[in-house]
Amino acid sequence: MGEIHEGIEQFAQATGAMSALAGLDLGTKTLGVAVSDVMQSVATPLETIRRTKFTADAEALLAICAKRQIGGLVLGLPLNMDGSDGPRVQSTQAFARNLSRLTELPIVFWDERLSTVAAERALLEADTSRKRRGQVIDHVAAGFILQGALDRLAHLRRGS
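Cut-offs applied
- Residues numbered from 1 in each chain as written.
- Predicted model: local features only at pLDDT ≥ 70, side-chain atom pairs only at ≥ 80, totals over all residues.
- Heavy atoms only, no water.
- Helix = DSSP H or I, 4+ residues; strand = E, 2+ residues; numbered from the N terminus.
- Buried < 20%, exposed > 50% of the residue type's maximum accessible area, 1.4 Å probe, protein only.
- Areas by Shrake-Rupley, 256 points an atom, 1.4 Å probe, with all protein chains shown as cover.
- Contact = heavy atoms within 4.5 Å.
- Pairing = 2+ DSSP bridges.
- Axes fitted to C-alpha atoms, helices over the stretch in contact; angles between N-to-C directions.

Caption draft 1: Broad picture of the overall build of the chain. The number of helices and strands found in the chain is 5 helices and 6 strands. Across the 160 residues in the chain, those meeting the buried criterion constitute 46%. Carbon and sulfur atoms form 52% of the exposed surface of the chain, whose accessible area is close to 8400 Å².

Rendered as structure tokens:
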């Protein structure tokens, strides 16, 4: 059973510095997935899984993790702008609990506030069509979630 870490510091110890990580943007209909390099420096949006039921969603995600040799999962936590729990926090936490029963991978929550806004802005600046934005927004948002965590991990590992 995988462990859900309360803080990024414990997650850093559980994953080590030389393993790829996956960032997840959990929506009601989709699951955006991004991955890092093994040096944990760059997050790359990968794909969006169309959600059906938990078992199928978890199977698709864990297949990606196995193929990419992922060492830990960073799950975006949908907090309100004031830092309080948003309406989807409980479902996100339940997803993490259920997933932790199926994998040994450590899991950590990461504040996802503004990740979708940043992803939308980046896609608009790249002049991405409305249709294409709809297709990629979730895994681009997952990339922003993961990059935030990677930057914090790098900061922690430098001892700053």
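Caption draft 2: How the structure looks around the environment of Ile-8. Its location among the elements puts Ile-8 in helix α1 (residues 8-15). Accessibility expressed as a relative area gives 8% for Ile-8, which makes it buried. Remark: the alpha-carbon pair of Ile-8 and Ile-107, spanning 99 residues in sequence, is separated by 9.6 Å. Residues contacting Ile-8, with those up to four places away along its chain left out, are Val-108, Trp-110, Ala-149, Arg-152, Leu-153 and Leu-156.

Caption draft 3: Just the sheet that holds strand β6 (residues 107-111), in detail. The strand order β1-β6-β5-β2-β3-β4 describes an open sheet built from 6 strands, whose pairing is mixed. Edge positions in the sheet fall to β1 (4-5) and β4 (43-50), since each has one partner strand and no second. Relative to strand β3 (residues 30-36), strand β2 (residues 20-26) runs antiparallel, the two sharing 5 bridges. The residue bridging Gly-23 from the neighbouring strand is Ala-34, located in β3. Docked against the sheet, helix α3 (residues 89-100) engages β1, β2, β3, β5 (70-77) and β6, running at close to 165° with respect to β5.

Caption draft 4: Main features of the pairing of β4. Judged from the 7 bridges that link them, β3 and β4 form a sheet pairing that is antiparallel. Residue pairing for β4: Gly-32 is matched across the bridge by Thr-48. A loop of 6 residues connects β3 with β4, the two strands running antiparallel in sequence, and Gln-40 in this loop sits at a positive phi of about 55°.

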